[in-house]
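Overview (structure and organization)
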Amino acid sequence: MVVYSFYVFDRHAECIYKKKWAPRPDSSSKLPVSNGVSDGQSQPKALSAEDDAKLIFGTIFSLRNMVRKLGGPEDSFISYRTSHYKLHYYETPTSLKFVMVTDTKTNNLRIVLHQIYVSLYVEYVVKNPLSPVEHPGGVGVNCELFELGVEQFVTASLQN
C-alpha cells in the first residue's frame, strides 16, 4: 500500500496539518498524442500545497453533504475511490477532519485515522499546554512529537 498524503482540517475549514509521502499519480500525463502532435490541450500546472489542501477539503465537504442529503443524518461519508487514488475520511465529534490519500488497492482506513486521532493527535496536540486550541489564519499544528508519531505510524504500519 502506498500512502500519498495526509491532511488534518479544523472546524473552520483550515488545513492545520499536511504531510506528503509520495506524489499522486498524474492523470494529465495520459493525454492522447497522435503522430507526435498533441491534441491541443495544454498540461495543467501543478497545484501548490495550499491549493491542493483546499481542493481536498472542498471535495470532502461536497461529498459529505451529498451523502447526508441522500442517506439521512445517520449515514456518513467514509471514502471514495477514483482510478488513480483512494481518499479516506474520518470526522471527530469536534469536527476535526482527518484525510488520507492512498493507492486504489487500500482497504478502508477509517479505524487507522481514528487511531491517529486518539493516540497521536489527542496525546500530543490536545494535551499539550503550549499548543493553541484554535488555529486561526492557517496556523497549523506545530508539534514535533505529533509529526514524528505520524511519520513513524505511517511508515511502520501502512507502508509496504
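This text follows the structure it describes.
A brief report on the enclosed structure follows. (Residues numbered from 1 in each chain as written. Predicted model: local features only at pLDDT ≥ 70, side-chain atom pairs only at ≥ 80, totals over all residues. Heavy atoms only, no water.)

Consecutive side chains of a regular strand alternate in pointing toward one face of the sheet and then the other. Most of strand E6 (residues 86-91) is tucked away, with six of its six residues classed as buried. Bridging between strand E5 (residues 79-81) and E6 involves three bridges; their strand directions are antiparallel. When the sheet's bridge partners are listed, serine 79 is paired in E6 with histidine 88. Linking E5 back to E6 in an antiparallel pair, the connection comprises four residues. In this structure, the hairpin formed by E6 and strand E7 (residues 97-102) is closed by a connection of five residues, where serine 95 is found at a positive phi of approximately 65°. (Buried < 20%, exposed > 50% of the residue type's maximum accessible area, 1.4 Å probe, protein only. Helix = DSSP H or I, 4+ residues; strand = E, 2+ residues; numbered from the N terminus. Pairing = 2+ DSSP bridges.)

What follows deals with the layout of surface pockets. The computed volume of the second largest pocket comes to approximately 340 Å³. Lining the second largest pocket are 16 residues, and of these Thr94, Leu96, Tyr121, Val126 and Val133 sit closest to its centre. The leading source of residues in the lining of the second largest pocket is helix H2 (residues 110-126), at four residues. Of the residues belonging to the lining of the second largest pocket, the class tally is eight nonpolar, five polar and three charged. (1 Å grid on protein atoms, 1.4 Å probe; cavity = no way out; pocket = protein on both sides within 12 Å on 5 of 7 lines; lining within 4 Å. Points joined across faces, edges and corners; volume = space filled by probe spheres on them. Nonpolar A, V, L, I, M, F, W, Y, C, P; charged D, E, K, R; others polar.)

With that settled, consider the pattern of salt bridges. According to the stated counting rule, one finds six salt bridges in the structure shown. Across the pair glutamate 91 and arginine 64 runs a salt bridge whose closest N-O atoms are separated by 3.2 Å. Of this pair, glutamate 91 sits in strand E6 while arginine 64 sits in helix H1 (residues 49-71), and the two are 27 residues apart along the sequence. When its relative accessible area of 18% is taken as the criterion, glutamate 91 is described as buried. When its relative accessible area of 10% is taken as the criterion, arginine 64 is described as buried. One salt bridge connects lysine 127 with glutamate 123, and the closest N-O pair in it is separated by 3.0 Å. Note on lysine 127: relative accessible area 54%, which makes it exposed. (Salt bridge = Lys/Arg side-chain N within 4 Å of Asp/Glu carboxyl O.)

So, on to the pairing of E7. With six of six residues buried, E7 is to be regarded as a mostly interior element. Alternating residues of E7 divide into Lys97, Val99 and Val101 and Phe98, Met100 and Thr102, and every residue in both groups is buried. As defined by bridge partners, strand E1 (residues 3-9) adjoins E7 across six bridges and the pair is classed as antiparallel. Note on E7: the bridge partner recorded for tyrosine 7 is valine 99.

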